[in-house]
Amino acid sequence: MSLPLHALDFRLIELPFSDREKILSVLPFELDGFILNGADSVILDGIILGTNEGKSRVLAVYLGKSVLVKIIKRLGAFNIDPKVVTSVDLRHIMNGFNPERLLNPVDMSPEERISAVTAEIGNNLTDFRRGEFLYTKDTEKIKKSLRLTAILGIAAVSLFALSVTLKAVSARNEISAI
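Residues numbered from 1 in each chain as written. Predicted model: local features only at pLDDT ≥ 70, side-chain atom pairs only at ≥ 80, totals over all residues. Heavy atoms only, no water.

S.K.: Hey, could you run me through the overall build of the chain in this one?
M.R.: For the chain, the count of helices and strands is 6 helices and 3 strands. Mapped from its N terminus to its C terminus, the chain presents α and β elements in the order β-α-β-β-α-α-α-α-α. For a compact globule of 178 residues, the expected C-alpha radius of gyration is about 16 Å, and the chain comes in at 27 Å, more than 25% above that figure. Overall, the chain is about 100 × 40 × 30 Å in size when its C-alpha atoms are taken along their principal axes. (Helix = DSSP H or I, 4+ residues; strand = E, 2+ residues; numbered from the N terminus. Rg over C-alpha atoms; globule rule 2.2 N^0.38 Å.)

Right, dumping it as structure tokens:
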């Protein structure tokens, strides 16, 4: 699912490292004082814009948790549970990034939108389905499938053991009858 650019908030920051996981782990601390209600009230993601002399220029992208909850609940009413929550508009702006384009985005032509969607499907620039909003529907399906497979396997082994036991008892009765 793609969010419009106006649903997101941004902050440009510089960090002394370039490891994405490390960046994602420090973003809440770096941005806590800049976000109304603190960093705990938003879902954060970061896009590394460039590195120079061991420092990274990062575009922090965030969305209010309450906004995401509303969106997921509304979609859930129609039995829709998106695996990814991203922004195709942001993908488009990142081509030739200029911070001013975040404030004054340009409409995309249909061809540009298709190109941005195709790029985003192959490699998500951002994904707000993390932490408490992590997509788990497929994992739950696999667990149910494995549970059913285990139950059927136990039933098959039990039937096999019963069959062997009945054959042994039958063979013992035939031998004692002789």
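Now that the structure is up, let's keep going.
S.K.: Would you mind going over unusual backbone geometry with me for this structure?
M.R.: Excluding glycine, most residues fall at negative phi; most peptide bonds, likewise, are trans. The backbone phi angle of N37 is positive, close to 70°, even though this residue is not glycine. Along the chain, the position of N37 falls in the loop between α1 (20–31) and β2 (42–52). Its identity is not glycine, yet N79 carries a phi of approximately 60°, on the positive side. Among the structural elements, N79 can be located in the loop between α2 (65–76) and α3 (88–94). Look at N79 and you get exposed, because its relative accessible area is 64%. (Buried < 20%, exposed > 50% of the residue type's maximum accessible area, 1.4 Å probe, protein only.)

S.K.: Sorry, what's going on with α2 here?
M.R.: The end-to-end C-alpha distance of α2 is 16 Å, a good match for the 16 Å that 12 residues give at a rise of 1.5 Å each. Residues of α2 that are buried: L68, I71 and I72. Buried residues along α2 cover an arc of 95° about the axis, so they all sit on one side. Seen from the buried face of α2, the exposed residues on the opposite side, beyond 90 degrees, are K70, K73 and R74. (Expected span 1.5 Å × (residues − 1). Arc of directions from axis to C-beta.)

S.K.: Looking at this structure, I do not really get the environment of G76. What am I missing?
M.R.: Relative to the helices and strands, G76 resides in helix α2. With 54 residues separating them in the primary sequence, G76 and R130 have C-alpha atoms 17 Å apart.

S.K.: I would appreciate a short explanation of the sheet that holds strand β3 (residues 55–64) in the present structure.
M.R.: Remark on secondary structure: sheet strands pair via backbone hydrogen bonds, oriented parallel or antiparallel. Pairing is antiparallel across the open sheet formed by 3 strands, whose spatial order is β1-β3-β2. Because the sheet does not close on itself, it has two edges, and the strands there are β1 (9–15) and β2. Each strand of the sheet is rotated relative to its neighbour by a mean of 20°, with strand direction disregarded. As defined by bridge partners, β2 adjoins β3 across 10 bridges and the pair is classed as antiparallel. Paired with V42 across the two strands is G64, which belongs to β3. Where α1 meets the sheet, it contacts β1, β2 and β3, and its direction lies at approximately 120° from that of β2. Across the sheet, α2 is in contact with β2 and β3; its angle to β3 comes to roughly 55°. (Pairing = 2+ DSSP bridges. Axes fitted to C-alpha atoms, helices over the stretch in contact; angles between N-to-C directions. Contact = heavy atoms within 4.5 Å.)

S.K.: Sorry if this is basic, but what is going on with the layout of surface pockets here?
M.R.: It is a probe the size of a water molecule, rolled over the atoms, that shows where empty space is left. Its volume calculated, the largest pocket comes out at about 180 Å³. In terms of lining, the largest pocket is formed by L24, P28, A39, D40, V42, I43, L44, K65, R130, G131, E132 and F133. Secondary-structure elements contributing two or more residues to the lining of the largest pocket are α1 and β2. If one sorts the elements of the lining of the largest pocket by residue count, β2 sits on top with 3 residues. Residues belonging to the lining of the largest pocket are distributed by class as follows: 7 nonpolar, 1 polar and 4 charged. (1 Å grid on protein atoms, 1.4 Å probe; cavity = no way out; pocket = protein on both sides within 12 Å on 5 of 7 lines; lining within 4 Å. Points joined across faces, edges and corners; volume = space filled by probe spheres on them. Nonpolar A, V, L, I, M, F, W, Y, C, P; charged D, E, K, R; others polar.)

S.K.: I tried to follow the nonpolar core on my own but got confused; where do I start?
M.R.: Looking at soluble globular proteins, one finds that nonpolar side chains tend to be buried together. Of all hydrophobic cores here, the largest spans 20 residues; its most connected members are F10, L59, V61, L68, L90 and F128. When residues of this core are traced back to their parent elements, those giving at least two are β2, β3, α2 and α3. (Core = buried A, V, L, I, M, F, W, Y, C linked by side-chain atoms within 4.5 Å.)

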